[in-house]
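Working through the structure, step by step
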Amino acid sequence: MSVQPHVIVLGLGAAGSSIAATLARRGLRVTGIEQFSPLHERGSSHGDTRIFRRVPHEGAVYVEMATASFHGWNAWNRLAGESLLVECGGIDAGPPESRLVKAAEELCERYGQPFELLDGGAFNRRHPHFRLPSDWRVVYQRLSGFVRPDATRSFLHKMARDAGARLMHGTAVLRIEYAANGVRIRTQDETLTCDFLVVAAGSWLPKLMPELHLELSTERRVLAWFQPRIAEEMTGSSFPIFCLDAGGGWYGMPTPDGRVKIGHDKHLRQRIDPNLEPILPDLTDAALLSGCVREYLAGFDEQPCEMKPCIYTLTEDHHFLIDRHPEHANVLVFSCCSGHGFKYAPVYGEIAANLIEEKPRMDLELFRLNRGHVPVTRFS
């Protein structure tokens, strides 16, 4: 092995960009390869905002990653000289029997994180842009907020290059070849060799690594932006991010330009081929997403002013895949998927570095390639 190991990272979304920048700053030789342009919208890491929940309801390991990521986002804010994480507060809300709300409350208590437990009526009086049912339970976390994906990707790409990484965009990988002395990556233009390979290719993971027989489903989602009827500041604590355990699962957040962005956790459950051009949003998407505004918000236009598609890459149990290749210990698989991965971007680079350097790390048993399928606690 070379004195400075050469690491190739396939895929430069949230996970791959974090890993490339972190490893380059640690002195490793890094090459990042992305099949699309730097700020493409073909995957799951684009957009103006994504939710950051300080205490996620999905389980203990996610809370530990969120804790590390919270400090990481604040460090990135300082390095970037701008707010990549904006703390505007956030809620998990739903009917009295909601498992989502119960999980959020229990995890806040377990990890000693500040939160308030309110009923829907009290929350509406405090935040008049909401009209939640009065008997709902609401867990409010003041340290939650939103992160900025496109600004973050630009920052990470610059940080990686400044640390000496080579980033190759618009470069398709033809195949991966495993050898005794490393790994070869064949692209349409050249063949590269490396000591370690990190595959963070999202929906394209099964195509790149067919030998793993990964059972991933790729589904289309649509995000919609709604204008307030009266223009006002929306990024302060007056409008928190939200996860609503109703109708299959609503989520939303304020945006820097004063709108609200809304998505549905299941949407239309359309299976898609990520290699094909995205299916553009239509009236069916608009009708579905407008339902959240009609039911639970106040003071917004009921029709979206903008919509964009995105991809959910789903495992059977909705947990991530972070593990070594079962036959090649120098190959790492990173699929931080299922619609809730961007918030943990700062920790992915640290996890990859610790795996490569064989240092102690957080318990990743839940993310192994071979595991029991226990559904993640999300929306009922």
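Residues numbered from 1 in each chain as written. Predicted model: local features only at pLDDT ≥ 70, side-chain atom pairs only at ≥ 80, totals over all residues. Heavy atoms only, no water.

1. Some thoughts on the environment of Glu177
Definition in use: Runs of H or I in DSSP of at least four residues are treated as helices and runs of E of at least two as strands, each being numbered from the N terminus. Buried residues are those whose accessible area, probed at 1.4 Å on protein chains only, stays under 20% of the maximum for their type, while exposed residues exceed 50% and partly exposed ones sit between those limits. Contacts were defined at the residue level, with two residues in contact if any of their heavy atoms lie within 4.5 Å. Within 3.5 Å is the distance limit for a polar contact, defined as a pair of N or O atoms, with the added protein rule that one can donate a hydrogen and the other accept it, and that residues adjacent in sequence qualify only through two side-chain atoms.
With respect to the helices and strands, the residue Glu177 is situated in strand E10 (residues 173-179). Judged by relative accessible area, Glu177 falls into the buried class, the value being 15%. Residues Glu177 and Thr193 lie 16 residues apart in sequence; the distance between their C-alpha atoms is 9.3 Å. If we skip the residues at most four places from it in the chain, Glu177 touches Val183, Arg184 and Arg186. A polar atom in the side chain of Glu177 sits 2.9 Å from the side chain of Arg175. Within the structure, the side chain of Glu177 is placed 2.6 Å from the side chain of Arg186, a separation counted as a polar contact.

2. With respect to the pattern of salt bridges
A pair can form between side chains of opposite charge whenever their charged atoms are brought close. As a reminder, the rule being used: By definition, a salt bridge exists where a carboxyl oxygen of Asp or Glu is found within 4 Å of a side-chain nitrogen of Lys or Arg.
Applying the stated criterion to the full structure yields 24 salt bridges. The shortest N-O distance in the salt bridge between Glu116 and Arg126 comes to 3.0 Å. Of this pair, Glu116 sits in strand E6 (residues 116-119) while Arg126 sits in helix H4 (residues 120-126), and the two are 10 residues apart along the sequence. Overall, the relative accessible area of 40% leaves Arg126 in the partly exposed class. Close ionic contact of Glu306 with Arg259 constitutes a salt bridge, the shortest N to O distance being 3.0 Å. Of this pair, Glu306 sits in strand E19 (residues 306-314) while Arg259 sits in the loop between strand E16 (250-254) and strand E17 (260-264); the two residues are 47 residues apart in sequence, bridging distant segments of the chain. Given the relative accessible area of 11%, Arg259 is considered buried. Ionic contacts of the salt-bridge type, sharing partners, join the residues Arg26, Glu350, Glu357 and Lys359 into one network.

3. Observations concerning empty space enclosed by the protein
As a reminder, the rule being used: In this analysis, the protein atoms alone were mapped onto a 1 Å grid. Cavities are point sets where a 1.4 Å probe fits without being able to get out; pockets are open sets with protein on both sides within 12 Å along at least five of seven lines; lining residues have an atom within 4 Å of a point. Grid points are joined across faces, edges and corners, and a volume is the space filled by probe spheres set on the points.
Scanning the model with the defined rule gives two cavities of 30 Å³ or more in all. Approximately 60 Å³ is the volume found for the largest cavity. Examining the composition of the lining of the largest cavity, we find that three residues originate from one element, E19, more than from any other.

4. Concerning the sheet that holds strand E20 (residues 321-324)
Which entries qualify depends on this criterion: For two strands to be treated as a pair, DSSP must find no fewer than two bridges joining them. For helices, the fitted axis covers only the stretch in contact; all axes are lines through C-alpha atoms, and the angles between them, taken along N-to-C directions, range from 0 to 180 degrees.
Strands sit in the order E9-E2-E1-E13-E21-E20 across an open sheet of six strands; the sheet is mixed. If you trace the sheet from one side to the other, it starts and ends with strand E9 (166-168) and E20, each paired once. The sheet shows a mean angle of 15° between the axes of neighbouring strands, direction not considered. Sheet topology note: the E20/strand E21 (residues 331-335) ladder contains four bridges and is antiparallel. Residue Arg324 lies in a different strand from E21, and its bridge partner there is Leu332. Packing against the sheet, helix H8 (residues 345-357) makes contact with strand E1 (6-10), strand E13 (196-199), E20 and E21, and its axis sits at approximately 160° to E21.

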